[in-house]
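# Overview (structure and organization)
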Amino acid sequence: MSNEAKNSSVAWIGKKPLNWQSAKLKYLIKSASSGGTPDSSNDDFYSHTGVPWTTISDITNSSQIKDTAKHITDKALKDKNLKIYPKGTILLAMYASVGKVAELCTEASVNQAILAISVDTSKVTNDYIKFCFNAYEPYITSESNGTTQFNLNASKVLNLSFPLPSLEEQDKISKEISKKSSVIDQLISNQEKQIEKLKEYRQAIITKAVTKGLDPNAPMKDSGVEWIGEIPSIWITPKFKNLAVLSNGKEIEEDGGDIPVYGSGGIFKYTSHPLFDGISLLTGRKGTIDNPMLVSGAFWTVDTMFYTSAINLKNVLPEYLFYAFKGCCNFNFYKSGSVLPSMTQSQINNIIIPLPPLYEQKNIVDFLQAKMGQIDLLLSLFNKNTEKLKSYKQSLIYEYVTGKKRVSL
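Described below are features of the structure shown in this document.

Reading guide: rules and limits
- Residues numbered from 1 in each chain as written.
- Predicted model: local features only at pLDDT ≥ 70, side-chain atom pairs only at ≥ 80, totals over all residues.
- Heavy atoms only, no water.
- Helix = DSSP H or I, 4+ residues; strand = E, 2+ residues; numbered from the N terminus.
- Buried < 20%, exposed > 50% of the residue type's maximum accessible area, 1.4 Å probe, protein only.
- Contact = heavy atoms within 4.5 Å.
- Lys, Arg positive; Asp, Glu negative; His and termini not counted.
- Charge placed at Lys NZ, Arg CZ, Asp CG, Glu CD.
- Axes fitted to C-alpha atoms, helices over the stretch in contact; angles between N-to-C directions.
- Parallel < 35°, antiparallel > 145°, perpendicular 65-115°, else oblique.
- Left-handed = near helix turned anticlockwise from the far one by under 90°.
- Core = buried A, V, L, I, M, F, W, Y, C linked by side-chain atoms within 4.5 Å.
- Pairing = 2+ DSSP bridges.
- Phe/Tyr/Trp six-rings, centres within 6.5 Å; stacked < 30°, edge-to-face > 60°.

## Structural notes on the overall build of the chain
When you go through the chain residue by residue, the secondary structure sums to 9 helices and 22 strands. Projected onto its principal axes, the C-alpha positions of the chain cover 80 × 50 × 45 Å. Here the chain holds 409 residues, and 45% of them are scored as buried. Counted over contacts in the chain with a minimum sequence separation of 6, partners at least 24 positions apart contribute 70%. The centroid of the 46 positive side-chain charges in the chain is displaced by 4 Å from the centroid of its 40 negative side-chain charges.

## Structural notes on the packing of helix 6 (residues 318–328) against helix 9 (residues 358–401)
Two elements in contact, helix 6 and helix 9, have axes separated by 9 Å at closest approach and are oriented at 65 degrees. The angle between helix 6 and helix 9 falls in the class roughly perpendicular. Judged by the twist between their axes, the crossing of helix 6 over helix 9 is left-handed. For the pair helix 6 and helix 9, contact is made by Glu 319, Tyr 320 and Tyr 323 and by Gln 361, Ile 364, Val 365, Leu 368, Gln 369 and Met 372, respectively.

## Comments concerning the nonpolar core
Core analysis: the biggest nonpolar cluster contains 41 residues, and Ile 117, Ile 129, Phe 133, Val 157, Phe 162 and Val 401 have the highest contact counts within it. Within the residue set of this core, elements represented by two or more residues are strand 8 (90–93), strand 11 (114–119), helix 3 (126–142), strand 12 (161–164), helix 5 (167–212) and helix 9. If you tally residues by element for this core, the top one is helix 3, at 8 residues. Apart from the residues within four sequence positions on either side, Phe 133 is in contact with Leu 25, Leu 92, Gly 99, Val 101, Ile 117, Val 157, Leu 160 and Phe 162. Counting residues in hydrophobic clusters, the runner-up holds 38 residues, among them Val 210, Val 225, Phe 306 and Met 372.

## Remarks on the sheet that holds strand 22 (residues 305–309)
Strand order in the open sheet formed by 4 strands is 15-22-19-20, with antiparallel pairing between adjacent strands. Among the strands making up the open sheet, the edge pair consists of strand 15 (247–248) and strand 20 (293–295). With 5 bridges connecting them, strand 19 (residues 280–284) and strand 22 associate as antiparallel partners. Looking at the pairing, Ser 280 lines up with Ser 309 of strand 22.

## Section: the environment of Gly 257
Inspection of the secondary structure assignment puts Gly 257 in the loop between strand 15 and strand 16 (259–263). Remark: the alpha-carbon pair of Gly 257 and Glu 168, spanning 89 residues in sequence, is separated by 58 Å. In this structure Gly 257 touches Tyr 270, Thr 271 and Ser 272, once residues within four positions along its chain are discounted.

## Regarding the sheet that holds strand 9 (residues 101–104)
Remark on secondary structure: sheet strands pair via backbone hydrogen bonds, oriented parallel or antiparallel. Sheet architecture is open: 5 strands sit in the order 4-11-8-9-6, paired in mixed fashion. Two strands bound the open sheet, and with one partner strand each, they are strand 4 (29–34) and strand 6 (64–65). Sheet topology note: the strand 6/strand 9 ladder contains 2 bridges and is parallel. Its bridge partner lying in strand 9, Gln 64 is registered against Glu 103.

## A closer look at the packing of aromatic side chains
A complete count under the given rule lists 12 aromatic pairs for this structure. Ring geometry for Trp 12 and Tyr 398: centres 6.2 Å apart, planes at 55 degrees, overall tilted. Here Trp 12 is found in the loop between strand 1 (5–7) and strand 2 (15–17), whereas its partner Tyr 398 is found in helix 9, with 386 residues between them in sequence. Among the residues examined, Trp 12 registers a relative accessible area of 4% and is labelled buried. Judged by relative accessible area, Tyr 398 falls into the buried class, the value being 18%. Between Tyr 262 and Phe 299, the aromatic rings sit 6.3 Å apart at their centres with planes inclined by 75 degrees, giving edge-to-face as the arrangement.

Rendered as structure tokens:
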């Protein structure tokens, strides 16, 4: 097999083998179309036993669509004039998770954010074109140029150029990528399992420290709260409102400056005007309610967050209150059955906080900070390894589908 190469004249492909062609997607397919979204308020349009209806989240969760989170009725299909696509249809995300690709393993409809592609198997195989999309994904997303929401459209997709070896070599390439990817995927899965175990261990350490203390021989008493159980007998159980004053964040439009603006996902922009300056516990009002943050210094926080300042705390260290909030609040209770879980000010104010004396709070905080540092270091290492494996898999796919790596025919 010749290793000679020529310039493809396509930026993302670069050089390709001499005997390979290049072709735009529109010349490699039989059809391509997108779907729509039936009115979510109409109960006649959705059914657990209806036609699978594919959304971006389905594609994000799996590259093989065997079923979908939502199903629609025949009435919905007729109302939105939706198609039912056969098994083997390639699905490409055009909005949100742009460039993500999957294949239908069952008959299904799709929403408007997905392009359903039927390939011409006399020119290209399903597996090979999926791997081409995998390789193309970083180049697709790089076109966003930093915009908040970058979208594709059918015209852009159909005019994407792909490297085109023979069908025989496409098949060989796909099998080689699948074989090597399965090994990498197993390694990634092992890393992710370790990450989840560490996160569970971290949560267990926090919960034990703020409900049982550090002395295993301390006399205990019933806290009166089911998910807290027994606490040391000298501890008290005040409500959150008796320890801190909650304040509501405020929406902000200004950009610029060096003062961080916090949302439920962390810092998302900066301002030149602080809402508060000092140590503060931030907790989500909507969305990620189980992700409290302890911040120090000048900051702003938006109206989907509450904050409490150190100057408004009574007989409790802000660091201890942070760990107690993470360890004692049954967030699953507030998440139950809700697409966007939320906690009201009243609900937070009535959370029971197991409270030791100040000297013991300090000991618990010191213990947890040391433990969290160790665990966070391990989590960082596992996350870096996971990202390296994903990057290696991505580069491997790219090298095979562009002919930088060859397989024996």
